[in-house]
Amino acid sequence: MTTDPDRVATARALLEYLGVTAADLTDSNRTAVPTVAEYLPAVLAAASPGTRRTYGSSWRRMVAAYGDRRIDAVRASDIEALMRQAAASARPRRNSRHGRHAGEHLIAAARAFYNRAIADGYLTIADSPAHRVRKPRRLPNTRRALTPDELSAINAAARTGGNDIILDALILRLHTETACRRGGALALRLIDLDTDRALIRLSEKGGTQRWQPITPMLASRLDDHARVRGAVAPTDALLRYRNGHPATYRRYDLLWARIGRQLPWVAAQGITTHWLRHTTLTWVERYFGYGVARAYAGHTDRRGPATTTYIKADLQAVATALTALTGPPHPLVAADGEQRFPAEDAEEIEAATHPGKIHR
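Now for a look at the structure at hand. (Residues numbered from 1 in each chain as written. Predicted model: local features only at pLDDT ≥ 70, side-chain atom pairs only at ≥ 80, totals over all residues. Heavy atoms only, no water.)

With that settled, the discussion passes to the nonpolar core. Judged by nonpolar contacts, the single largest core of 37 residues is most densely connected at Ile-154, Leu-172, Leu-174, Leu-222, Leu-239, Trp-256 and Ile-259. Contributions of two or more residues to this core are made by α7 (148–158), α8 (165–178), α9 (182–186), β2 (199–204), α10 (216–228), α11 (249–262) and α13 (273–288). Judged by nonpolar contacts, the second largest core, of 28 residues, contains Trp-59, Ile-79, Ala-130 and Val-133. (Core = buried A, V, L, I, M, F, W, Y, C linked by side-chain atoms within 4.5 Å. Buried < 20%, exposed > 50% of the residue type's maximum accessible area, 1.4 Å probe, protein only. Helix = DSSP H or I, 4+ residues; strand = E, 2+ residues; numbered from the N terminus.)

Once that is clear, we can look at the sheet that holds β2. Spatially, the three strands line up as an open sheet ordered β1-β2-β3, and their pairing is antiparallel. Edge strands, defined here as strands with exactly one partner in the open sheet, are β1 (193–194) and β3 (208–213). Relative to β2, β1 runs antiparallel, the two sharing two bridges. Bridge pairing links Asp-194 to Leu-199 in β2. Packing of helix α15 (residues 315–326) onto the sheet brings it into contact with β2 and β3, and relative to β3 it is tilted by some 50°. (Pairing = 2+ DSSP bridges. Contact = heavy atoms within 4.5 Å. Axes fitted to C-alpha atoms, helices over the stretch in contact; angles between N-to-C directions.)

The next point concerns the packing of helix α14 (residues 290–297) against α15. Direction vectors running N to C along α14 and α15 enclose 95°, while the axes themselves pass 9 Å from each other. Taken together, the axis directions place α14 and α15 in an arrangement best described as roughly perpendicular. Listed contacts from α15 to Val-292, Ala-295 and Tyr-296 of α14 are Ala-317, Val-318, Ala-321, Leu-322 and Leu-325. By residue class, the composition of the contact of α14 with α15 is eight nonpolar, no polar and no charged. (Parallel < 35°, antiparallel > 145°, perpendicular 65-115°, else oblique. Nonpolar A, V, L, I, M, F, W, Y, C, P; charged D, E, K, R; others polar.)

Distances and angles like these do not, on their own, reveal function.
So this is what it looks like as structure tokens:
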């Protein structure tokens, strides 16, 4: 029997008016599909703290835009329109890309939201509106490695002014030596510091953990800093304010804002802590090769050519690179590396973080 196209169109219009899909008519046992607002608590409960912090604002934007709609009633055009709004309303910064990253971030958040709905069986990936919207193409990164003079100027600015130069000096030295991310530094606890072997255990994105060599001087200063400021239990944070509270992301924002006021080129280029990661890893790659730089960065992904599976470096190789980078010998290796940081910088950091114990 041939179907009358006019009748099909009329039936579809009626179903759309009633808010009913064809699947609703053919599957009487189907679980009721929640609205976006009803489903968000389940998404938040299943997300990690880092994911909630990263995508929370975008998820709230989704709820504000179409929270009363069922999750399977949101269209791809709705997601794309929200992406355009996010890009248009992005806060302008010196290193902004005209909202491009804000739009990309919104799509990533929407896909994370619908990935949970797919896992719960409410719809398939083919039905997900977020997965049918193309992400904006990511532009080349503008970050670069800092020159030795720039790095020295930043450290000098951090040690002058401010209400806690000890904490600021430790933060910059920690990131320069380890190339760790902000989250890894803030997650450090007393139990993650091995002063005898000059190692710290970094817990970073994706739930990864690794032991990273640091100079014995930095290991000693981190231990003194934490204990003087009230760290007692093994799970107490290493980086702490003078009032004893654990340091937060806010400290980084204030630190770079202060450095930017003293060094206008820092503010103009939008230099942040992640530039220190680029600086250290660029140097390690140039002098010790891709395998050591990959281990130094804590990269565990296997994307790329199959040969990357065999390009690995052990802890001793990373410690050797650190010794060459900083100068002081490390317990895991012999001290025969080329010194990168000027000796006076190390002395200034030691003086700032432990006044009275440096003798010129």
